[in-house]
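# What the coordinates show
Below are the chains, spelled out letter by letter.
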Amino acid sequence: MLDILPINAFTYSAQPYIIAGPCSAESEQQLLTTAEALAAFGVSVFRAGLWKPRTRPGTFGGVGSDGLAWMKEVKRRTHMRVATEVACPEHVEQALSAGIDILWIGARTTANPFAVQEIADALRGYDIPVMVKNPVNPDIDLWIGAMQRLNLAGIRRIAAVHRGFSLYSRSTYRNDPQWHIPIELRRRYPSLPIFCDPSHIGGRRALIQSLAQQALDLRFDGLMVECHISPETAKSDAAQQITPDELDGILSRLTLRSDAPAGDEMLHDLRRQIDALDTALLELLSKRMEISKEIGIYKKQHNMPVLQTERYNEIIARLVSRCADAGLDPDFIKKIFEIIHAHSVDNQLKL
Ligand code: PEP
Ligand code: MN
């Protein structure tokens, strides 16, 4: 259960709701020039990370509380609302006393219920919007659990931010979108605003336009995009940041959905969802074929026959046993996997 205020209580102004700003605050000048450029085309929330959760030590850890005064100046000059990431009660206290308007909880923090609970306790008695990024691992309950902890502490303006999920293997994306997870979140909590962060999903500037479009096609409520006045020189996430001008261009090329789908619009909307899921299926199939090729190379090097009948039976039996729970017809699944398997065998024979 999530007790959230209706969608437009999350300081809504425009559709889609745009949050933009640098991955990290680096200097007052950098913040002000970026923010002024963003404000010029109507971005309503300015984001900047002050305390940066870095995967590896020895990388830029953020300017910390020194940046709070710069955020105040951004507010004063541009009238945008300002948002930053908090990961512990000290960050919450400092952000609240500096007048930060919106907080967010980062992916690494959402994955830790102890940390989320401490943040929730520090927020008790305050009325501030909080955005919760998905945990790094694809666990919808952990994501929901973090929002519930905030909710139980009295926070009712909550939004989810989908930023993709870590994978061990390399893929097109920095963080795999796994769109079915935010889609399921929307199904369970229809009034929860869900924003997409195409910057952290893509990890590369070139992917932002198409990811942003997919997010809108899937009825996301807004976007959080990393913008830097000089992306190549950024101290964190340089490859995925874009200039404010580039963001302006991306936004103007997006096809917006109308607010209240009816009749044909509803059909188009469902079809767009199907298109996004089909793209995801295609990507999964391509990944599966790559791995099957690696297996083929291994078999060849070890002088093993390509066809391993018991392995094929094992694959089918495992999938069929899951069909009932997944609401799928086992004959349909068998047919699909026969084709997939036959194609894999074919590819391995050609090696
Ligand atoms: C960020 O928004 O800069 C950030 C660190 O994101 P995430 O928590 O999604 O990795
Ligand atoms: Mn970042």
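Everything below is about the structure printed above this text.
Each value, and the rule that gives it
Residues numbered from 1 in each chain as written. Chains lettered and ligands numbered in written order. Predicted model: local features only at pLDDT ≥ 70, side-chain atom pairs only at ≥ 80, totals over all residues. Heavy atoms only, no water. Helix = DSSP H or I, 4+ residues; strand = E, 2+ residues; numbered from the N terminus. Buried < 20%, exposed > 50% of the residue type's maximum accessible area, 1.4 Å probe, protein only. Donors = N, O, S within 2.8 Å, 3.2 Å for Na, K, Ca; no water. Near = heavy atom within 4 Å. Polar contact = N/O pair within 3.5 Å; in protein donor to acceptor, adjacent residues only side chain to side chain. Areas by Shrake-Rupley, 256 points an atom, 1.4 Å probe, with all protein chains shown as cover. Nonpolar A, V, L, I, M, F, W, Y, C, P; charged D, E, K, R; others polar. Core = buried A, V, L, I, M, F, W, Y, C linked by side-chain atoms within 4.5 Å. Contact = heavy atoms within 4.5 Å. 1 Å grid on protein atoms, 1.4 Å probe; cavity = no way out; pocket = protein on both sides within 12 Å on 5 of 7 lines; lining within 4 Å. Points joined across faces, edges and corners; volume = space filled by probe spheres on them. Pairing = 2+ DSSP bridges. Axes fitted to C-alpha atoms, helices over the stretch in contact; angles between N-to-C directions. Phe/Tyr/Trp six-rings, centres within 6.5 Å; stacked < 30°, edge-to-face > 60°. Lys NZ or Arg CZ within 6 Å of the ring centre and 35° of its normal. Right-handed = clockwise from strand over helix to strand, strands pointing away.

## Quick word on unusual backbone geometry
The phi angle at H79 is positive, at roughly 65 degrees, despite the residue not being glycine. The residue H79 is located in the loop between helix 2 (67-78) and strand 3 (81-85) in this model. The backbone of N303 sits at a positive phi, close to 55 degrees, despite the residue not being glycine. For N303, the position within the fold is in the loop between helix 11 (264-301) and helix 12 (309-326). Here N303 falls in the exposed class, since its relative accessible area comes to 72%.

## Re the coordination of the manganese ion (ligand 2)
With distances of 2.1 to 2.4 Å, the protein atoms coordinating the manganese ion (ligand 2) are C23 (SG), H200 (NE2), E226 (OE) and D237 (OD). Expressed as a motif, the donor residue spacing for the manganese ion (ligand 2) is C-x176-H-x25-E-x10-D. Of this pair, H200 sits in helix 8 (residues 198-202) while E226 sits in strand 8 (residues 222-226), and the two are 26 residues apart along the sequence. On the basis of relative accessibility, which here comes to 1%, the residue E226 falls in the buried class.

## Re the site of ligand 1
In the neighbourhood of ligand 1, 13 residues make up the surrounding shell, with R47, K52, A107, K133 and R163 lying closest. Measuring from an oxygen atom of ligand 1, one finds a backbone N or O atom of A107 at 2.8 Å. Here H200 contributes a side-chain N or O atom positioned 3.4 Å from an oxygen atom of ligand 1. Relative to its free-state accessible area of 290 Å², ligand 1 is covered by the protein chains to the extent of 97%. Its residues placed into classes, the shell around ligand 1 shows four nonpolar, two polar and seven charged.

## What to know about the nonpolar core
With 72 residues, the main nonpolar core has F46, L123, M147, L150, L185, L192 and L247 as its most contacted residues. For this core, the element with the most residues is helix 6 (residues 140-152), which contributes six residues. When residues no more than four places from it in sequence are discounted, the contact partners of L247 are I18, A20, L38, F41, V43, V225, C227 and I242. The next biggest cluster of nonpolar side chains, apart from the first, holds eleven residues, and it includes Y17, I102, W104 and V161.

## With respect to the layout of surface pockets
Taken as a whole, the largest pocket encloses approximately 1800 Å³ of empty space. Around the largest pocket, the lining is made up of 46 residues, and of these L281, L284, L285, R288 and F337 lie nearest the centre. Contributing elements (two or more residues each) for the lining of the largest pocket: helix 11, helix 12 and helix 13 (330-349). Tallying contributions element by element places helix 11 first for the lining of the largest pocket, with 14 residues.

## Focus on the side chain of N134
Here N134 shows up in the loop between strand 5 (130-133) and helix 6. Note on N134: relative accessible area 0%, which makes it buried. At a separation of 2.6 Å, a polar atom in the side chain of N134 contacts the main-chain amide nitrogen of R163. Engagement of the side chain of N134 in a polar contact is seen with the backbone oxygen of G164, the distance being 2.9 Å.

## Here's the deal with the sheet that holds strand 4 (residues 102-105)
Taken together, the eight strands give a closed barrel; going around it, the order is 1-2-3-4-5-6-7-8, and neighbouring strands pair in parallel fashion. Pairs of neighbouring strands in the sheet enclose a mean axial angle of 25 degrees, with direction left out of account.

## Examining the packing of aromatic side chains
Per the stated rule, a full pass over the model turns up two aromatic pairs. When the centroid spacing of 5.2 Å and the interplanar angle of 20 degrees are considered together, the rings of Y17 and F195 count as stacked. With a gap of 178 residues between them, Y17 in strand 1 (residues 17-21) and F195 in strand 7 (residues 194-196) connect regions that are remote in the sequence. For the pair Y17 and F195, a shared accessibility class is recorded, and that class is buried. Between W179 and F220 the ring centres are 5.7 Å apart and the planes differ by 85 degrees, which places this aromatic pair in the edge-to-face class. Of this pair, W179 sits in the loop between strand 6 (158-162) and helix 7 (180-188) while F220 sits in the loop between helix 9 (208-217) and strand 8, placing them 41 residues apart in sequence. Each of the two residues, W179 as well as F220, counts as buried. The side chain of K235 reaches across the aromatic face of F60, ending 5.1 Å from its centre.

## Here we look at the pairing of strand 4
Residues I102 and W104 of strand 4 are buried on one face, and the alternating residues L103 and I105, pointing to the opposite face, are buried as well. One ladder, built from three bridges, connects strand 3 with strand 4; its direction is parallel. Its bridge partner being in strand 4, A83 is matched across the sheet by I102. What joins strand 3 to strand 4 is helix 3 (residues 89-97), and the crossover it makes is right-handed.

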